[in-house]
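Observations on the model geometry
For reference, the chains in residue letters:
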Amino acid sequence: MENNAKKIIFSGIQPTGCITLGNYIGALKNWVELQNDYNCLFSVVDLHSITVRQDSALLRKRCKEFLVQYLACGIDAEKNILFFQSHVPQHAELSWILSCYTYMGELSRMTQYKDKCAKHADNINAGLFTYPVLMAADILLYQTDLVPVGSDQKQHLEIARDIAMRFNGIYGEVFKIPEGFTPKEGARIMSLQDPTSKMSKSDPNENGFISILDNPDVIVRKIKRAVTDSDNVIKIREGHDGINNLINIYASITKKSIADIENEFDGKGYGDFKQSVAEAVVEELRPIRARYDDLINNKDYIEEIYKNGAYAAQKLASRTLSKVHRKIGFVDRKY
Ligand code: ATP
Ligand code: LTN
């Protein structure tokens, strides 16, 4: 990372399913926009993903594919630190330490925990419960200033801040207190099939999400099939979740204001609007898919990136962790 005066960003995506338009608009697109003004670490958070059972071969393959999708979206490997979370053991180590400064009560209030328990009733493991502590460790290890995420992660960010403040309250200024960054529109993109629930990359119904690697025909078909009502009015209105969602997607991608969009489509119907949304999404994702196809078979290049990333991340992480050890009272390491 070039400039030490710049503030620090950390963010990550779990390697589950395929990266969706929701992940892109809520997180990745903002990473790309912020990367020039901050020193950024972007991780594929593989440790988090095993809170839900994963197929080993698929996980290994997907982790690399996710890294390449970060690059394809425009994340610059020269400017940022890109790495796999499991390659930096300090994450797991700090997570254990922080778990001793986190209360059962605060973890049991997390909505993502409650949702995942309901979805995976046969595998309610302790990792699902302590997931936010690992996320706090990810963020706090790097003295992160800003965490660009979708709004579903606000609660996790809040607990990371609480843990940091609690720790600092006992030991002095050890951790920077991070702020969240969520986009104005698009912080919560909804499922195209059930616009009352968020677009999720592990949705078993593929028509509910758009993958950033979907080809144009698939994108057009999914948007045309998106669930709306029969009002045919293109305006943001409470209770009209389907059309509201499409307006938000369109606004995020075109950067037009909601008011401008409502004017532009005044008197037009859902058919016309869906066509415009589909075109905007297709054009936004077209170069990403092309770059992905270019890079995905370049094994040496990809390996070089995650090797250098892990090395650079470890260096930063070990500084914070040593400080934590000293403050807690662990004996200094003599190796
Ligand atoms: P899963 O379905 O496997 O739980 P997910 O789609 O929620 O996954 P995560 O890896 O949990 O994806 O999230 C990665 C990033 O994308 C986070 O910053 C999260 O806030 C953001 N994000 C996820 N879904 C959406 C969405 N529907 N709208 C906006 N941002 C989202
Ligand atoms: N919990 C996040 C993924 C995640 C993350 C992070 C995001 C893990 N560690 C640190 C930002 C910063 C999610 O999207 N489910």
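**Here we look at the site of ligand 2**
Contacts to ligand 2 come from 14 residues, most closely from His48, Tyr131, Met135, Asp138 and Gln153. Measuring from a nitrogen atom of ligand 2, one finds a side-chain N or O atom of Tyr131 at 2.7 Å. Within the contact set of ligand 2, a nitrogen atom lies 2.6 Å away from a side-chain nitrogen or oxygen of Asp138. Alone, ligand 2 offers 360 Å² of accessible surface; in the complex the protein occludes 92% of this. Broken down by element, the shell around ligand 2 gets its largest block of residues, four residues, from helix H7 (residues 126–140). For the shell around ligand 2, the residue count by class is seven nonpolar, six polar and one charged.

**Thoughts on the pattern of salt bridges**
Across all of its chains, the model carries 18 salt bridges by this definition. A salt bridge links Glu65 to Lys61; the nearest nitrogen and oxygen atoms lie 3.1 Å apart. Of this pair, Glu65 and Lys61 both sit in helix H3 (residues 56–72), separated by four residues, roughly a single helical turn. Several salt bridges share partner residues, and in doing so they unite Lys29, Glu33, Lys255 and Glu284 into one network.

**Side note on empty space enclosed by the protein**
In total, this model carries one cavity of 30 Å³ or more according to the counting rule given. At the level of elements, helix H6 (111–119) and H7 are the ones that each hand at least two residues to the lining of the largest cavity. For the lining of the largest cavity, the residue count by class is four nonpolar, two polar and one charged.

**A word on the layout of surface pockets**
As a volume, the largest pocket reaches approximately 1200 Å³. Surrounding the largest pocket, 47 residues form its lining, Gln14, Gln112, Asp152, Gln153 and Lys198 being those nearest its centre. Counting only elements with at least two residues in the lining of the largest pocket, the list comes to strand E1 (7–13), helix H1 (21–34), H6 and H7. Ranked by the residues each element gives to the lining of the largest pocket, the list is headed by H6, at five residues. In terms of residue class, the lining of the largest pocket is made up of 14 nonpolar, 21 polar and twelve charged.

**A look at the packing of H1 against helix H10 (residues 241–254)**
Taken N-terminus to C-terminus, the directions of H1 and H10 make an angle of 45°; their axes are 11 Å apart at the nearest point. The orientation of H1 relative to H10 falls into the category oblique. Classified by chirality, the crossing of H10 by H1 is left-handed. Mapping the contact onto sequence places Leu21, Ile25 and Lys29 in H1 and Ile249, Ser252 and Ile253 in H10. In terms of residue class, the contact of H1 with H10 is built from four nonpolar, one polar and one charged.

**Things to note about the site of ligand 1**
Surrounding ligand 1, one finds 21 residues, the nearest of these being Asp152, Ile189, Lys198, Ser200 and Ser202. Between ligand 1 and Thr16, the relevant distance is 2.8 Å, taken from an oxygen atom to a side-chain nitrogen or oxygen of the residue. Interatomic distance of 2.8 Å between a backbone N/O atom of Gly150 and an oxygen atom of ligand 1. Protein coverage of the free-state accessible area of ligand 1, which is 600 Å², stands at 96%.

**What to know about the pairing of strand E3 (residues 81–84)**
Both faces of E3 are covered, namely the face carrying Ile81 and Phe83 and the face carrying Leu82 and Phe84. Bridging between strand E2 (residues 38–44) and E3 involves four bridges; their strand directions are parallel. Within E3, the position partnered with Ser43 by the bridge is Phe83.

**As for the nonpolar core**
Counting 61 residues, the largest nonpolar core has Leu21, Leu28, Tyr70, Ile249, Phe273 and Val281 as the members making the most contacts within it. Excluding anything up to four places from it in sequence, Tyr70 contacts Gly12, Ile13, Ile19, Leu28, Trp31, Phe42, Ser43, Val44, Ile75 and Leu82. Residues Ile8, Val88, Ile97 and Leu128 belong to the second largest nonpolar core, which totals 39 residues.

**Side note on the environment of Ile261**
Position of Ile261 relative to the elements: it lies in helix H11 (residues 258–264). Considered as a pair, Ile261 and Ala251 are ten residues apart in the sequence and their alpha carbons are 7.5 Å apart. If we ignore the near neighbours within four places in the chain, the residues touching Ile261 are Ile247, Tyr250, Ala251, Lys256 and Phe273.

**Side note on the pairing of E1**
Within E1, five of the seven residues are buried, which leaves the element mostly enclosed by the surrounding structure. Relative to E2, E1 is paired through seven bridges, and the arrangement is parallel. Of the residues in E2, the one forming a bridge with Phe10 is Leu41. With H1 bridging E1 and its parallel neighbour E2, the resulting β-α-β unit is right-handed.

About the criteria used
Residues numbered from 1 in each chain as written. Chains lettered and ligands numbered in written order. Predicted model: local features only at pLDDT ≥ 70, side-chain atom pairs only at ≥ 80, totals over all residues. Heavy atoms only, no water. Near = heavy atom within 4 Å. Polar contact = N/O pair within 3.5 Å; in protein donor to acceptor, adjacent residues only side chain to side chain. Areas by Shrake-Rupley, 256 points an atom, 1.4 Å probe, with all protein chains shown as cover. Helix = DSSP H or I, 4+ residues; strand = E, 2+ residues; numbered from the N terminus. Nonpolar A, V, L, I, M, F, W, Y, C, P; charged D, E, K, R; others polar. Salt bridge = Lys/Arg side-chain N within 4 Å of Asp/Glu carboxyl O. 1 Å grid on protein atoms, 1.4 Å probe; cavity = no way out; pocket = protein on both sides within 12 Å on 5 of 7 lines; lining within 4 Å. Points joined across faces, edges and corners; volume = space filled by probe spheres on them. Axes fitted to C-alpha atoms, helices over the stretch in contact; angles between N-to-C directions. Parallel < 35°, antiparallel > 145°, perpendicular 65-115°, else oblique. Left-handed = near helix turned anticlockwise from the far one by under 90°. Contact = heavy atoms within 4.5 Å. Buried < 20%, exposed > 50% of the residue type's maximum accessible area, 1.4 Å probe, protein only. Pairing = 2+ DSSP bridges. Core = buried A, V, L, I, M, F, W, Y, C linked by side-chain atoms within 4.5 Å. Right-handed = clockwise from strand over helix to strand, strands pointing away.

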